[in-house]
2 protein chains.
Amino acid sequence: LYVARDRWDWDQSWVSEAAEEAEAVASISCSGHGRAYPDGLIVEGLPVCECNDCYRGPDCSEFVPDCVVDADSGDPMFLEPFWMKHAASSTIVVPAWHRMSYEFNDGSLISEELKNQILKLHDIIRNANTSGRHIIFGAGATQLLNAAVYALSHDDDPSEARVVASAPYYPVYKEQTELFDSEDFEFSGDTSSWKNDYDPLHSYIELVTSPNNPDGKLRKAVLQGQSVHFIHDLAYYWPHFTAIPAPADENLVLFTLSKLTGHAGSRFGWALVKDEAVYQRMLTYMSLSTYGVPRETQLRVLKLLKVVIEEGEGREIFEFGFQIMSKRWEDIHRIISMSKRFSLQDIGPQFCSFNQGVREASPAFAWLKCEKEEDMDCYNVLKASKIIGREGVMFGAESRFVRLSLVKSQDDFNLLLQRIEKMVRQESNIILEENNEAP
Amino acid sequence: LYVARDRWDWDQSWVSEAAEEAEAVASISCSGHGRAYPDGLIVEGLPVCECNDCYRGPDCSEFVPDCVVDADSGDPMFLEPFWMKHAASSTIVVPAWHRMSYEFNDGSLISEELKNQILKLHDIIRNANTSGRHIIFGAGATQLLNAAVYALSHDDDPSEARVVASAPYYPVYKEQTELFDSEDFEFSGDTSSWKNDYDPLHSYIELVTSPNNPDGKLRKAVLQGQSVHFIHDLAYYWPHFTAIPAPADENLVLFTLSKLTGHAGSRFGWALVKDEAVYQRMLTYMSLSTYGVPRETQLRVLKLLKVVIEEGEGREIFEFGFQIMSKRWEDIHRIISMSKRFSLQDIGPQFCSFNQGVREASPAFAWLKCEKEEDMDCYNVLKASKIIGREGVMFGAESRFVRLSLVKSQDDFNLLLQRIEKMVRQESNIILEENNEAP
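Please read these numbers as outputs of a predicted model, since none were measured by experiment.

> What is the right way to read the relation of the copies chain A and chain B from this model?
Two copies of one chain are present, and they are related through a rotation about an axis combined with an axial shift. When chain A is fitted to chain B, the best match, at an RMSD of 0.0 Å, comes from turning it 180° and sliding it 0.0 Å along the axis. Viewed as a symmetry operation, the transformation between the two copies matches a two-fold axis. A shared binding surface is used by both copies, with 99% of the interface residues of chain A retained as interface residues in chain B.

Following this line, the structure appears as structure tokens:
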């Protein structure tokens, strides 16, 4: 095929203005505790530094000693240094005329090239069987979740589908299903309560999260029966966070860019769907709810995934991620294991096909339990020590559990660790004092 | 405030790789009948030309004489030449580390700078009163529409809200409301059927589209009563498409970038909301349905709006848009006015505060009517002449209406005009023949 390369009639320097602006902003120093963005607040002609939690000042160099540490959000900033390192290969230039149309040239809402990169990545990491699957893009796993629930509840069965998940479960499952308040499905709580109470006249949609959010454990579906559909939420099924025993081979699986490259703000996810009719209903949902994922997002994701696939033969980002996450887990685990007041979930070493051997745990979250009888309200126990976690009750669990995020920036994690260490040290002092007071 | 400008420790040339790639792709010639994009299909190392309808060949230079003209989609490609002209000022560079986080630094999902640009633009164009309004971003008006319906139906009134619109209405209103199949609202058809049958025990949500899609007429709300809420869809309330008699001053108005700058593929829209509680419910909806609009999209929109505001003191793009759209309307109007078989909607000249005087019509769509009794199925009448429009029945109107898009590329419009001219010429020939046959 012949591709003409005649020059258009505009000035070749059309990129330079944007390039200079981007370089000027990137060169603003925020002391390693923050960053400036071109769309930030502008003061004296330049955007200001946006500081990490507990840092302030015009260049983020002032540490705020008694600040509250926020370990609530699963904000995957731990991967930012990887992208700083690969700045040159991962930057995109977007001219204003880039894909203004509603659709791609084939009438779809999906970049065929991006689709191919995603399939290629799964083949390298071997975390999902992609053969014979349809692929759909959405605004993170968030939007795809409801698209899938919609698609699975609109089968031939006229009954209202029961949407269930095994506690502790990701809070959005319940919140989102209840928000949409549909006539076709309703959130029906913990899977275990239906296991022995299974009603074949109802249809069920079981959400299976593996590894699980919050506790990082690999999971299998619980319910069985003809009228049970499954959505496998595999957001964390990447070598950063878990061993990959085998490729997922389920009917409908969800992935999100957030937990793969760390680009949570890009709101990009995808679903791999086996059943043609379910796929078509998901397409209808995407078309009527948002009409697809922005073209600049698809362009950016394509570039990011090319770097992921090319650097270190597709291994570098995962080795980088695993190194950080396993170190963080080791650190927090070492401290908590000295405590009698707190405990963590138990995740043992496991065989991983990506690592070609047994590997240590590296979960995205600590699922912390307050063990003492009087510490029923674990969230407030931590809050008193200036740590904000996410309350166990939101996950359908007891209030003596709290989820602590381990995926944020190094600043955030360091502070969290310090605070936890202080709590555990105080506990030991109290125990020592109690022992000294004993007769 | 002091902003440090020390250089980071990376190579200053980190933008050049992306810049060169973008320039190489932009320099691919597609004969003015297509364009190549970096995320297009790659052949021999370069992306291929993606041709406009009815053009083909590696450089889109071959015209396909008997092809079908697609005037179905409201794809606003007529603005693409404006952005080609302003290439240098409207391009963005997005490094991989740009806003990876789920939230902005203030915890919100919205760029404060972009919000300010939008408010500024409304103040220049004077098409909406922004004072005392909250602003929300969404994936085009599409997502905001359901967010608004959700927020307005979750008031104190426990009854199912009736969602109504005056025919002919934008088909998505019905399709989307039915898709979500909520227990809290249901699509209830044409507003006029409820005007005299108003039930004060029910709550109503009236969708008011002004100017209206499909017919371009300025509209006011129809229903009155305590339990009536309004959503004003002002997607086309820009000087490209209509006179602006006065700023909209409604409780909840929707706008979309698609019809302002032509970036339909960016899926960006915003709502201006007066009521605090409604705003909060819309925020909840955005948070649980998609968790906000991608950061790269917000960055791009910010840049585009800066160009819109700065070029010609905020007038250039609108003068450009009006010139094209009024010329297209004049052209199609001149041809159809020679026909007895077809007619167009009637939009007279009107006072416009932006033009500071009376101006001619420049609607986004032709709302074509087949006048002959036997031409009940107007869609197929046009299809027989190789024109694809959108069927009137989809708008809640008779099948003798068809919507034809006037906002696509100049190639698309030229072809549409040729086909219509041919139809009208055939009609005159037939009439001449009939007259000759008469005794």
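> What's the story with the packing of aromatic side chains in this structure? I'm lost.
Any pair of aromatic rings gets described here by the distance separating the centres and the angle formed by the planes. Applying the stated rule across the entire model yields 45 aromatic pairs over all chains. Judged by centre distance (5.8 Å) and plane angle (90°), the ring pair of Y102 of chain A and Y291 of chain A falls under edge-to-face. Here the residue Y102 of chain A occupies a position in the loop between β8 (92-94) and α4 (112-125), and Y291 of chain A occupies one in the loop between α9 (276-289) and α10 (295-310), the gap between them amounting to 189 residues. Residue Y102 of chain A is classed as buried on the basis of its relative accessible area, which comes to 14%. Residue classification places Y291 of chain A among the partly exposed residues on the basis of a relative accessible area of 22%. A centroid spacing of 5.3 Å and a plane angle of 85° characterise the contact between Y170 of chain B and Y173 of chain B, whose relative ring orientation is edge-to-face. The exposure class of Y170 of chain B is partly exposed, given its relative accessible area of 22%. An aromatic cluster is built from F137, W238, F255, F268, W270, F318 and F354 of chain A, whose rings are joined through pairwise contacts. The lysine or arginine in question, R403 of chain A, covers the ring of F365 of chain A, its NZ or CZ lying 3.7 Å from the ring centre. One cation-aromatic arrangement involves R315 of chain B over F354 of chain B; the distance from NZ or CZ to the ring centre is 4.1 Å.

> Would you mind going over the sheet that holds strand β16 (residues 342-343) of chain B with me for this structure?
Adjacent strands of a sheet form backbone hydrogen bonds with each other and so pair up, either parallel or antiparallel. Residues and elements named next belong to chain B. Within the open sheet, the four strands sit side by side as β16-β19-β22-β21. Their pairing is antiparallel. Edge positions in the sheet fall to β16 and β21 (390-391), since each has one partner strand and no second. With two bridges connecting them, β21 and strand β22 (residues 401-405) associate as antiparallel partners. When the bridges of β22 are listed, E391 appears paired with V402.

> Looking at this model, I keep getting lost on the state of the cysteines. Mind explaining?
What is meant by a disulfide is a covalent connection between two cysteines, made through their sulfur atoms. Residue and element names in this part refer to chain A. This model, assessed by the stated rule, comprises eight disulfides over all chains. Between the sulfur atoms of C370 and its disulfide mate C378 the distance is 2.2 Å. One disulfide, between C370 and C378, carries an S-S torsion of 70° and so falls in the right-handed class. Residue C370 is classed as buried on the basis of its relative accessible area of 0%. For C378, a relative accessible area of 0% puts it in the buried group. In chain A, numbering the disulfide-bonded cysteines from first to last in sequence yields the connectivity 1-2, 3-5, 4-6, 7-8.

> Quick question: what am I supposed to make of the interface of chain A and chain B here?
Between chain A and chain B, the residue contacts involve 110 residues of the former and 109 residues of the latter. Regarding the contact of chain A and chain B, the summed buried area is about 10,200 Å², with carbon and sulfur atoms giving 58% of it. Sorting the residues of chain A by area buried against chain B places D39, M100 and Y102 of chain A first, and these three jointly supply 8% of that buried surface. Our count for the contact surface shared by chain A and chain B stands at 44 residue pairs in polar contact (both at pLDDT 80 or more). In the side of chain A that touches chain B, the residues fall into 54 nonpolar, 30 polar and 26 charged. In the sheet, β8 of chain A pairs with strand β8 (residues 92-94) of chain B via three bridges, with the strands oriented antiparallel. Within β8 of chain B, the residue paired with V93 of chain A across the bridge is V93 of chain B.

> Looking at this structure, I do not really get the pattern of salt bridges. What am I missing?
Two side chains with opposite charge may pair up if their charged atoms get near one another. Under the counting rule described, the total for this entry stands at 36 salt bridges over all chains. Here E21 of chain A ties to K303 of chain B by a salt bridge, and the two come within 2.7 Å at their closest N and O atoms. Of the two residues, E21 of chain A sits in helix α1 (residues 16-26) while K303 of chain B sits in helix α10 (residues 295-310), which places them in two different chains. The class for E21 of chain A is partly exposed, based on a relative accessible area of 33%.

> What's the story with the sheet that holds strand β14 (residues 252-256) of chain A in this structure? I'm lost.
All names here are of chain A. Read across the open sheet, the seven strands follow the order β9-β15-β14-β13-β12-β10-β11; overall the sheet is mixed. Of all strands in the sheet, those bounded by a partner on one side alone are β9 (134-138) and β11 (185-190). Each strand of the sheet is rotated relative to its neighbour by a mean of 25°, with strand direction disregarded. Pairing geometry for strand β10 (residues 161-165) and β11, over four bridges, is parallel. Residue pairing for β11: R162 is matched across the bridge by E186. Sitting on the sheet, helix α6 (residues 171-180) touches β10, β11, β12 (204-209) and β13 (228-233), and the angle it makes with β11 is about 155°.

> Can you walk me through the environment of D157 of chain A in this structure?
All names here are of chain A. Looking at the secondary structure, you find D157 in the loop between α5 (140-153) and β10. For D157, a relative accessible area of 21% gives the class partly exposed. In sequence terms D157 and S192 are 35 residues apart; their C-alpha atoms lie 23 Å from each other.

> I'm lost on the confidence of the model for chain A in this one. Help?
Do not read the predicted coordinates in detail wherever pLDDT is low. Chain-level statistics for chain A give a pLDDT mean of 94 and a share of 96% at 70 or above. Reported confidences for the modelled complex are a pTM of 0.95 and an ipTM of 0.95.

> Looking at this structure, how should I read a negative patch on the surface?
A contiguous patch of negative charge, built from E183 and E186 of chain A together with E183 and E186 of chain B, is present on the exposed surface. The exposure class of E183 of chain A is partly exposed, given its relative accessible area of 39%.

> Help me out: how do you make sense of α10 of chain B in this one?
Because each turn of an α-helix spans 3.6 residues, side chains separated by three or four positions end up pointing in the same direction. Residue and element names in this part refer to chain B. For α10, built from 16 residues, the straight-helix expectation of 22 Å at 1.5 Å per residue is met to within 8% by its first-to-last C-alpha distance of 23 Å. Buried residues dominate α10, accounting for 14 of its 16 residues. G312 sits one or two positions beyond α10 and adopts a positive phi of about 60°.

> Teacher, can you tell me more about the pairing of strand β12 (residues 204-209) of chain B here?
Every other side chain in a regular strand lies on the same face of the sheet, so the side chains alternate between the two faces. Residue and element names in this part refer to chain B. Most of β12 is tucked away: six of the six residues are buried. A two-sided burial pattern is seen for β12, the buried positions comprising Y204, E206 and V208 on one face and I205, L207 and T209 on the other. Here four bridges tie strand β10 (residues 161-165) to β12, and the two strands are oriented parallel to one another. The partner of V163 across the bridge, within β12, is I205. Here β12 runs beside strand β13 (residues 228-233); their pairing, made up of six bridges, is parallel. Opposite L207, over in β13, you have I231 as the bridge partner.

> Whenever I open this one, the packing of α4 of chain A against α10 of chain A confuses me. Can you help?
Each packed pair of helices is defined by two parameters, the angle between the axes and the distance between the axes. All names here are of chain A. Put simply, α4 and α10 touch, their axes get as near as 9 Å, and they point 30° apart. Considering their axes alone, α4 and α10 lie roughly parallel with respect to each other. Considering the relative orientation of α4 and α10, their crossing is left-handed. Where α4 approaches α10, its residues E113, L114, Q117, I118, K120, L121 and I124 are matched on the opposing element by Q298, V301, L302, L305, K306, V308 and I309. Residues belonging to the contact of α4 with α10 are distributed by class as follows: nine nonpolar, two polar and three charged.

> Quick question: what am I supposed to make of unusual backbone geometry here?
A negative phi angle is the norm for most residues apart from glycine, just as the trans form is the norm for most peptide bonds. The linkage connecting A167 of chain B with the following residue, P168 of chain B, adopts the cis geometry, with an omega of -5°. Following S210 of chain B, the chain continues into P211 of chain B via a peptide bond in cis, with omega recorded as -5°. The residue P211 of chain B is located in the loop between β12 and β13 in this model. Look at S31 of chain A: it is not a glycine, yet its phi comes out positive at around 60°. One can find S31 of chain A in the loop between α1 and β1 (34-35). For C54 of chain B, which is not glycine, the phi torsion reads 75° and is therefore positive. If you trace the backbone, C54 of chain B turns up in the loop between β4 (50-51) and β5 (55-56). The exposure class assigned to C54 of chain B is buried, which follows from its relative accessible area of 9%.

Rules used throughout
Residues numbered from 1 in each chain as written. Chains lettered and ligands numbered in written order. Predicted model: local features only at pLDDT ≥ 70, side-chain atom pairs only at ≥ 80, totals over all residues. Heavy atoms only, no water. Least-squares fit on C-alpha atoms with pLDDT ≥ 70 in both. Contact = heavy atoms within 4.5 Å. Phe/Tyr/Trp six-rings, centres within 6.5 Å; stacked < 30°, edge-to-face > 60°. Helix = DSSP H or I, 4+ residues; strand = E, 2+ residues; numbered from the N terminus. Buried < 20%, exposed > 50% of the residue type's maximum accessible area, 1.4 Å probe, protein only. Lys NZ or Arg CZ within 6 Å of the ring centre and 35° of its normal. Pairing = 2+ DSSP bridges. Disulfide = S-S within 2.5 Å. Buried area = accessible area lost by both parts, 1.4 Å probe. Polar contact = N/O pair within 3.5 Å; in protein donor to acceptor, adjacent residues only side chain to side chain. Nonpolar A, V, L, I, M, F, W, Y, C, P; charged D, E, K, R; others polar. Salt bridge = Lys/Arg side-chain N within 4 Å of Asp/Glu carboxyl O. Axes fitted to C-alpha atoms, helices over the stretch in contact; angles between N-to-C directions. pLDDT = per-residue confidence, 0-100. Patch = residues over 30% accessible without salt bridge, like charges linked within 9 Å, V, L, I, M, F, W, Y side chains within 5 Å. Areas by Shrake-Rupley, 256 points an atom, 1.4 Å probe, with all protein chains shown as cover. Lys, Arg positive; Asp, Glu negative; His and termini not counted. Charge placed at Lys NZ, Arg CZ, Asp CG, Glu CD. Expected span 1.5 Å × (residues − 1). Parallel < 35°, antiparallel > 145°, perpendicular 65-115°, else oblique. Left-handed = near helix turned anticlockwise from the far one by under 90°.

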